[in-house]
Amino acid sequence: MPVNKEKYQQILLELKGKAELIAVSKTKSLEHIQALYDLGQRDFGENYVQELMEKQEKLPGDIRWHFIGHLQKNKVKYIASFIHLIQSVDSFALLKEINKQALKNDRIIHCLLQIHIAKEETKFGLDINELKDLVNSPELNTLKNIKITGLMGMASFSNDENLIRTELMYLKKIFDKNKAFSFFNYQLSTLSMGMSGDYKIALEEGSNLVRIGSLLFGNRN
Ligand SMILES: *Cc1c(COP(=O)(O)O)cnc(C)c1O
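From a predicted model like this one, the values you see are computed outputs, not experimental measurements. (Residues numbered from 1 in each chain as written. Predicted model: local features only at pLDDT ≥ 70, side-chain atom pairs only at ≥ 80, totals over all residues. Heavy atoms only, no water.)

So, on to a nonpolar patch on the surface. Among the surface-exposed residues, Phe 181, Phe 183 and Phe 184 lie close enough to one another that they form a single nonpolar patch of about 280 Å² accessible area. Mapped onto the secondary structure, Phe 181 falls in the loop between helix 7 (161–179) and strand 7 (186–192). Given a relative accessible area of 36%, Phe 181 falls into the partly exposed group. (Patch = residues over 30% accessible without salt bridge, like charges linked within 9 Å, V, L, I, M, F, W, Y side chains within 5 Å. Areas by Shrake-Rupley, 256 points an atom, 1.4 Å probe, with all protein chains shown as cover. Salt bridge = Lys/Arg side-chain N within 4 Å of Asp/Glu carboxyl O. Helix = DSSP H or I, 4+ residues; strand = E, 2+ residues; numbered from the N terminus. Buried < 20%, exposed > 50% of the residue type's maximum accessible area, 1.4 Å probe, protein only.)

Let us look at the site of the ligand. Contacts to the ligand come from Val 24, Lys 26, Asn 47, Ile 68, Met 154, Met 195, Ser 196, Arg 211, Ile 212, Gly 213, Ser 214 and Arg 220. In this structure, Lys 26 approaches the ligand through a side-chain N or O atom, which is 2.7 Å from an oxygen atom. Take Asn 47: an N or O atom from its side chain is 2.9 Å from an oxygen atom of the ligand. Protein burial of the ligand: of its 390 Å² of free accessible surface, 93% is covered by the chains. Its residues assigned to classes, the shell around the ligand comprises five nonpolar, four polar and three charged. (Near = heavy atom within 4 Å. Polar contact = N/O pair within 3.5 Å; in protein donor to acceptor, adjacent residues only side chain to side chain. Nonpolar A, V, L, I, M, F, W, Y, C, P; charged D, E, K, R; others polar.)

Turning our attention to the packing of aromatic side chains. On inspection of all chains with the given rule, the structure shows four aromatic pairs. Summarising the aromatic geometry, the rings of Phe 181 and Tyr 186 are spaced 5.7 Å apart at their centres and angled 10° between planes, so their arrangement reads as stacked. Accessibility expressed as a relative area gives 0% for Tyr 186, which makes it buried. An angle of 40° between the planes, with centres 5.4 Å apart, marks the rings of Phe 183 and Tyr 186 as tilted. (Phe/Tyr/Trp six-rings, centres within 6.5 Å; stacked < 30°, edge-to-face > 60°.)

What follows is about the environment of Phe 44. Of note, Phe 44 is situated in strand 2 (residues 43–46). It is 4.7 Å that separates the C-alpha atoms of Phe 44 and Ala 23, two residues lying 21 residues apart in sequence. In this view, Phe 44 contacts Ile 22, Ala 23, Ser 25, Ile 33, Leu 36, Tyr 37, Ile 63, Arg 64, Trp 65, His 66 and Phe 217; residues no more than four positions away in its chain are not counted. (Contact = heavy atoms within 4.5 Å.)

This next bit is on the pairing of strand 6 (residues 146–153). Each regular strand carries side chains that alternate between the two faces of the sheet. Taken across its eight residues, strand 6 has seven buried, putting it largely inside the fold. Relative to strand 6, strand 5 (residues 109–115) runs parallel, the two sharing seven bridges. Each residue of the ladder has a partner; that of Cys 111, found in strand 6, is Ile 148. Where strand 6 lies against strand 7, four bridges are found, and the strand directions are parallel. The residue of strand 7 that forms the bridge with Leu 151 is Leu 191. Of the crossover connections in this fold, the one passing from strand 6 over helix 7 to the parallel strand 7 is right-handed. (Pairing = 2+ DSSP bridges. Right-handed = clockwise from strand over helix to strand, strands pointing away.)

Written as structure tokens, this is what we have:
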């Protein structure tokens, strides 16, 4: 069995009424994804454009694909026709490019802004000042083919539960503050936080969308 069915069903029960599940399928085969699809899962997350394009072409058309990795501007065009949610927007330039490609495809692409909350330098994302600048940019309301629907963040890879909780609480605080106002293309309702190692903490801290890979598919090589 390429997926852990018991774990999948257990997680669905834990999330029920609180959060949606994105199954993170990066590096996993078509068979892995199909097996989870056959159990009813429709939302899958991928980190690499080339890999996502190949999978999207071969797998059922009603899968909702989420992009959760660092996205280069010059690659947006390859996923713009089908992507369901881009969770990892980390610059205004990227947002503009997504808008341009969405317009070409005559659609509106939903986006989450990725916020940098971990201690590690390596994690992508906007800091609080960059978020403020982006939201206050006078150009934002010219982007008619994107909609910012929430925030995404990744806590530190750590065994320190208190550190993880502190980082996730910080993201929740930013989310609540920025939820208070909205425009036609900016209305926060999704808080994407929590992975295999920290989704229980994330749920306690107010996540309503978790991204889980290894618990469902086994460890990646
Ligand atoms: C890989 C990845 C995940 C899933 O990680 P697991 O620990 O396997 O659950 C979640 N979010 C992002 C952004 C990822 O890159």
